[in-house]
Amino acid sequence: MTRPFSAKRPIIMAAMAGSFLGSAIWLGTAMLSGTFFFGGPAGIALGYLVAAAFLTPIAALGIVLFGLPAAEAVGDSWRAWWVPIAAIIMGAIAGRILYSMLLFLLWQRLMPPGGFVWADPGVIIGASVGLAFWWFERQWRIVDGARRAAEGEWDERTGPDGDIL
């Protein structure tokens, strides 16, 4: 069994990497569509840094609320080919939910029901955070599994997640 709330779990790294990657993708789509409201290179860089830094704690909250339970549900299937695709989809859905909650808390604005738009900041950033969490979680499980095996925490009858083989 993995340790669900281990301090070494890659929540902060995934939140930072996903937020900065997602903000870059979102900024690129906003600039291509003409909806970006900052002018000049300094404004673009400032907008990017502010958006990514502001969204990092929200991404970490999304990982705690959605990513950790999903990682526990996946269990020993984390090596499967479909897990990164599921992480992107779940991240997009979770990002949309958290973005809707953020808009409501800041401006009391409700998102229209059923309005799932791919260019939505919550969808783009959530999908990149989901992908980043999958990547860092995968690396963490590999390292944690090797460490636990070296310490003799399990034997040949049990797998890395403690399940009897």
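It should be noted that the structure appears before, not after, this text.
Description of the structure in this document.

Reading guide: rules and limits
- Residues numbered from 1 in each chain as written.
- Predicted model: local features only at pLDDT ≥ 70, side-chain atom pairs only at ≥ 80, totals over all residues.
- Heavy atoms only, no water.
- Core = buried A, V, L, I, M, F, W, Y, C linked by side-chain atoms within 4.5 Å.
- Buried < 20%, exposed > 50% of the residue type's maximum accessible area, 1.4 Å probe, protein only.
- Helix = DSSP H or I, 4+ residues; strand = E, 2+ residues; numbered from the N terminus.
- Contact = heavy atoms within 4.5 Å.
- Phe/Tyr/Trp six-rings, centres within 6.5 Å; stacked < 30°, edge-to-face > 60°.
- Salt bridge = Lys/Arg side-chain N within 4 Å of Asp/Glu carboxyl O.
- Expected span 1.5 Å × (residues − 1).

### Things to note about the nonpolar core
Counting 14 residues, the largest nonpolar core has Ile11, Ala14, Ala15, Ile63, Val129 and Phe133 as the members making the most contacts within it. Those elements that place two or more of their residues in this core are helix H1 (11–33), helix H2 (40–74) and helix H4 (121–150). With 6 residues, H2 is the largest single contributor of residues to this core. Residues within four places of isoleucine 63 in sequence aside, it is in contact with Ile11, Ala14, Ala15, Leu68, Pro69, Val129 and Phe133.

### Topic: the packing of aromatic side chains
Tallied over the full model, the rule gives 2 aromatic pairs. Consider the rings of phenylalanine 20 and tyrosine 48, whose centres lie 5.9 Å apart with planes at 75 degrees: the pair is edge-to-face. Highlighted residues: phenylalanine 20 in helix H1 and tyrosine 48 in helix H2, separated in sequence by 28 residues. Overall, the relative accessible area of 27% leaves phenylalanine 20 in the partly exposed class. For tyrosine 48, a relative accessible area of 22% gives the class partly exposed.

### Some words on the pattern of salt bridges
According to the stated counting rule, one finds 2 salt bridges in the structure shown. Note that aspartate 120 is salt-bridged to arginine 96, the shortest N-O span being 2.7 Å. Note that aspartate 120 is positioned in the loop between helix H3 (83–107) and H4 and arginine 96 in helix H3, a separation of 24 residues in sequence. Relative accessible area serves as the criterion here: at 7%, aspartate 120 is assigned to the buried category.

### Focus on H1
Given 3.6 residues per helical turn, the α-helix brings residues three or four places apart onto the same face. The terminal C-alpha atoms of H1, which comprises 23 residues, lie 32 Å apart, in line with the 33 Å expected from a rise of 1.5 Å per residue. The complete set of buried residues in H1 reads Ile11, Ala14, Ala15, Gly18, Ser19, Gly22, Ser23, Leu27 and Ala30. Looking one or two places after H1, you find glycine 34, whose phi comes out positive at around 85 degrees.

### Observations regarding the environment of valine 50
Position of valine 50 among the secondary structure elements: in helix H2. With a relative accessible area of 49%, valine 50 lands in the partly exposed category. Remark: the alpha-carbon pair of valine 50 and serine 23, spanning 27 residues in sequence, is separated by 9.6 Å.

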